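# Results of the structural survey
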Amino acid sequence: MLELRPNCENCDKNLPPDSTEACICTYECTFCVACVEGLLKNVCPNCGGGFTLRPIRPKTARRMGVSLEHQPESKKRIHTKYSITEIREFSNSIKEIEPKNR
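Sequence order sets the numbering: in each chain, residues are counted from 1 along the sequence as written. Thresholds applied to this predicted model are a pLDDT of at least 70 for local features of residues and 80 or more for the giving and counting of side-chain atom pairs; totals over whole chains, interfaces and linings are not thresholded and use all residues. Side-chain numbers here rest on the full set of heavy atoms in the structure, without hydrogens or water.

### Comments concerning the overall build of the protein chain
Each helix is a run of H or I in the DSSP string that is no shorter than four residues. Each strand is a run of E no shorter than two, and both are numbered from the N terminus. Broken down by element type, the protein chain carries two helices and three strands. If you list the helices and strands of the protein chain from N to C, you get β-β-α-β-α. Among the 102 residues that make up the protein chain, the fraction classed as buried is 37%. Whether two residues are in contact is decided by their heavy atoms, any of which lying within 4.5 Å being enough. Across the protein chain, contacts joining residues at least 24 apart in sequence account for 57% of those joining residues at least 6 apart. In the structure as shown, the protein chain presents an accessible area of about 6,400 Å², 51% of it carried by carbon and sulfur atoms. Each residue gets one of three labels from its accessible area relative to the maximum for its type: buried under 20%, exposed over 50%, partly exposed in between, using a 1.4 Å probe on protein chains only. The method behind every accessible area is Shrake-Rupley, applied with a 1.4 Å probe, and residues are considered shielded solely by the protein chains displayed.

Encoded structure:
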């Protein structure tokens, strides 16, 4: 189950569970659309993979026990350990490679 992290790991923008601006990689690293498109160039600074929009967990349980109420979002804020310079260098080095080929 997705962790639904509460913030962009770069700019610390709040990304609530119903945000349409939250992007994740296969390891659930979470960044906002602006950082993914601008700084990151669709390259996760942690794993090198690409991003997709994070799905929105239903607020209402349409199946018993399956909803945001039953599986709430994470409260733990995560921040990337890489500097802006390191992120730019890494992203620029592989941004031209399609995510499926990285």
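There is more to say, and it comes next.
### Points about helix H2 (residues 84–94)
Turning to H2, its buried residues number three or more, namely Ile87, Ser91 and Ile94. Buried residues of H2, seen end-on, are gathered within an arc of 80° and therefore sit on one face of the element. Those residues of H2 that are exposed and angled more than 90 degrees off the buried face are Glu89 and Ser93. Here the arc refers to the directions that run from the helix axis out to each C-beta atom.

### Remarks on the pattern of salt bridges
Definition used for salt bridges: Asp or Glu carboxyl oxygen within 4 Å of a side-chain nitrogen of Lys or Arg. Under the counting rule described, the total for this entry stands at six salt bridges. Measuring nitrogen to oxygen at the nearest pair gives 3.0 Å for the salt bridge that ties Glu9 to Arg5. Arg5 gets classed as buried once you look at its relative accessible area, which sits at 14%. Residue Asp12 is joined to Arg77 by a salt bridge in which the shortest nitrogen-to-oxygen separation is 3.1 Å. Of the two residues, Asp12 is situated in the segment before strand E1 (22–24) and Arg77 in the loop between strand E3 (52–53) and H2; the sequence distance between them amounts to 65 residues. Note on Asp12: relative accessible area 32%, which makes it partly exposed. Relative accessible area serves as the criterion here: at 34%, Arg77 is assigned to the partly exposed category. Taken together, the salt bridges that share partners define one network made up of Glu3, Arg5 and Glu9.

### Regarding the side chain of Ser91
Structurally, Ser91 is set in helix H2. Of the residues examined, Ser91 reaches a relative accessible area of 0% and is grouped as buried. The contact partners of Ser91, leaving out residues within four places of it in the chain, are Leu39, Leu40 and Val43.

### Re the packing of aromatic side chains
Aromatic pairing here means that ring centres of Phe, Tyr or Trp (its six-membered ring) are within 6.5 Å. Orientation follows from the plane angle: under 30 degrees is stacked, over 60 is edge-to-face, and everything else is tilted. Scanning the model with the defined rule gives one aromatic pair in all. Where Phe31 meets Phe51, the ring centres are 5.5 Å apart and the plane angle is 80°; that geometry is what we call edge-to-face. In this pair, Phe31 sits in strand E2 (residues 30–32) while Phe51 sits in the loop between helix H1 (33–37) and E3, placing the two residues 20 residues apart along the sequence. For the pair Phe31 and Phe51, one class covers both residues: buried.

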